[in-house]
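Residue-level structure breakdown
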Amino acid sequence: MTVLSVLWFFLIFVLIAGYFILDGFDLGVGVLYPFVAKSDEDKAIARRAIGPVWDGNEVWLLTAGGALFAAFPAAYATTFSGFYLAVMLVLFGLIVRAVSFEFWAGDATWRKLWDVCFFLGSLLPALLLGVAVGNILAGIPMDANGDYAGVPLLGLVTPFTLLTGVLGLVMFMAAGASWLAVKAPEDSALYGRAAKLRMPLQVAALALFVVVSVYALVGIAPEMAPELGAARVLFAVLAVVALAAAIVLGKGGVKGSLPAFLAQSVAALALVGLLACSMFPNLVVASADSVGPAITLMSAAASDLSLTYMTVILCIGLPLVLIYHVVIYRTFRGRIRKEDLAH
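Before going into details, it helps to say that this report is about the structure given with it. (Residues numbered from 1 in each chain as written. Predicted model: local features only at pLDDT ≥ 70, side-chain atom pairs only at ≥ 80, totals over all residues. Heavy atoms only, no water.)

1. Some thoughts on the overall build of the chain
- A count of helical and extended segments in the chain gives 13 helices and two strands.
- The C-alpha atoms of the chain give a radius of gyration of 20 Å, which matches the 20 Å a tight globule of 343 residues would have.
- The C-alpha extent of the chain, read off along each of the three principal axes, is 60 × 40 × 35 Å.
- Per-residue burial over the chain gives 49% buried out of 343 residues.
- Taking all contacts inside the chain whose residues are at least 6 apart in sequence as the whole, residues at least 24 apart take part in 82%.
- If you sum the accessible surface of the chain, you get close to 15700 Å²; carbon and sulfur atoms cover 74% of it. (Helix = DSSP H or I, 4+ residues; strand = E, 2+ residues; numbered from the N terminus. Rg over C-alpha atoms; globule rule 2.2 N^0.38 Å. Buried < 20%, exposed > 50% of the residue type's maximum accessible area, 1.4 Å probe, protein only. Contact = heavy atoms within 4.5 Å. Areas by Shrake-Rupley, 256 points an atom, 1.4 Å probe, with all protein chains shown as cover.)

2. Details of the nonpolar core
- Counting residues in each nonpolar core, the largest one holds 103 residues, and the members touching the most others are Trp 8, Phe 9, Phe 25, Phe 72, Met 171 and Leu 180.
- Per-element accounting of this core gives the leading share, 18 residues, to helix H1 (residues 3–36). (Core = buried A, V, L, I, M, F, W, Y, C linked by side-chain atoms within 4.5 Å.)

3. Here we look at the packing of aromatic side chains
- Per the stated rule, a full pass over the model turns up 17 aromatic pairs.
- Note on Phe 9 and Phe 10: the rings are 5.0 Å apart at their centroids and 85 degrees apart in plane angle, and the pair reads as edge-to-face.
- An aromatic cluster is defined as three or more aromatic residues linked by ring pairs; in this entry it consists of Phe 9, Phe 10, Phe 13 and Phe 280.
- Above the face of the Phe 101 ring, Arg 47 is positioned so that its terminal group lies 5.6 Å from the ring centre.
- Sitting over the face of the ring of Phe 118, Arg 47 holds its NZ or CZ atom 4.5 Å from the ring centroid. (Phe/Tyr/Trp six-rings, centres within 6.5 Å; stacked < 30°, edge-to-face > 60°. Lys NZ or Arg CZ within 6 Å of the ring centre and 35° of its normal.)

4. Overview of unusual backbone geometry
- With an omega of 0 degrees, the peptide bond running from Phe 280 to Pro 281 counts as cis.
- Relative to the helices and strands, Pro 281 is located in the loop between helix H11 (257–279) and strand S1 (282–284).

5. Description of the environment of Leu 94
- Here Leu 94 shows up in helix H6 (residues 84–104).
- Residues Leu 94 and Cys 117, spaced 23 residues apart in sequence, show a C-alpha to C-alpha distance of 9.9 Å.
- Once residues lying within four places of it in the same chain are set aside, the contact partners of Leu 94 are Tyr 19, Leu 27, Glu 58, Leu 61, Gly 121 and Pro 125.

6. Focus on a nonpolar patch on the surface
- On the surface, a cluster of nonpolar side chains totalling about 650 Å² of accessible area is made up of Tyr 84, Leu 85, Met 88, Leu 91, Ile 95, Val 99 and Phe 103.
- Summarising the element assignment, Val 99 is placed in helix H6.
- Val 99 gets classed as partly exposed once you look at its relative accessible area, which sits at 32%. (Patch = residues over 30% accessible without salt bridge, like charges linked within 9 Å, V, L, I, M, F, W, Y side chains within 5 Å. Salt bridge = Lys/Arg side-chain N within 4 Å of Asp/Glu carboxyl O.)

7. Quick look at the packing of helix H10 (residues 229–250) against H11
- Between H10 and H11, the shortest axis-to-axis distance is 8 Å and the interhelical angle comes to 160 degrees. Of the possible angle classes, the one that applies to H10 and H11 is roughly antiparallel. H11 is crossed by H10, and the crossing has left-handed handedness. Here H10 contributes Ala 231, Arg 232, Phe 235, Ala 236, Leu 238, Ala 239, Ala 242, Leu 243, Ala 245, Ala 246, Leu 249 and Gly 250 to the contact with H11, which in turn contributes Pro 259, Ala 260, Ala 263, Gln 264, Val 266, Ala 267, Ala 270, Leu 271, Gly 273, Leu 274, Cys 277 and Ser 278. (Axes fitted to C-alpha atoms, helices over the stretch in contact; angles between N-to-C directions. Parallel < 35°, antiparallel > 145°, perpendicular 65-115°, else oblique. Left-handed = near helix turned anticlockwise from the far one by under 90°.)

Take a look at the structure:
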């Protein structure tokens, strides 16, 4: 285990956190879409709220996958082959969602179909990504070669992984409701529905986080690095405080919408940080019935030369991505106006 391998372990989780926060509210808007967008104007506002940013937000997921492939190829091979059907369903959902964006505005005849595609294309990734995280934390059966040895897809569904999947889904939905409350016109029905749903979703996320944490500590009892115990406590407390703050700030009406969204984003960041500190130094945990050992930093890291090249590329590419996001979010800042819907 070298300094560079440790650095890239946590950098991958930074990329995952970027996706969880940014594309999280995109997916949340899509899942909430049938429940909050009742009229064509509501639907146009909801799509406009994420239209300028959703494709850039997905870059974080692609980058995280590419970084895992280059930095820890053995972990990439096991997870992507073992979760192959789930990965394909996630990609199918993202593709269908993208298609619905392009066709909804240009083909009014099939808008009901594109509405369904938008919802399903958001629901599948939002749920399955959380299920995958639950499996990685709880452990999967592996053979002596480090390959997944369980039943495809169905073998990945357990009570714990379903709970983590629902927790991820509810976090996405809470982020989506928070984002709609930030972007929708103050006098629109969409704003009222999103603001009304935001608090129950955040309360549900807080309750699910407690349940998942207790289940993990008692029922799963994963082996965790003792030197990161303080960091785990810090991230757990931060997640609870941030969700509680989001609930309180949301009561401030229109003025509290942006602070509530930011607090919701901090909670998402804290959950990813907690996951990283709970996993370290494991990349893929082996279940109790696994023949092969867990995949760790020591067994899966690429050479220091490869990691050095990746670090140089990161130092060049990451600032460019951040600049892009700053420009896009600054350009499309503020609430959506009715005249914006004509574009």
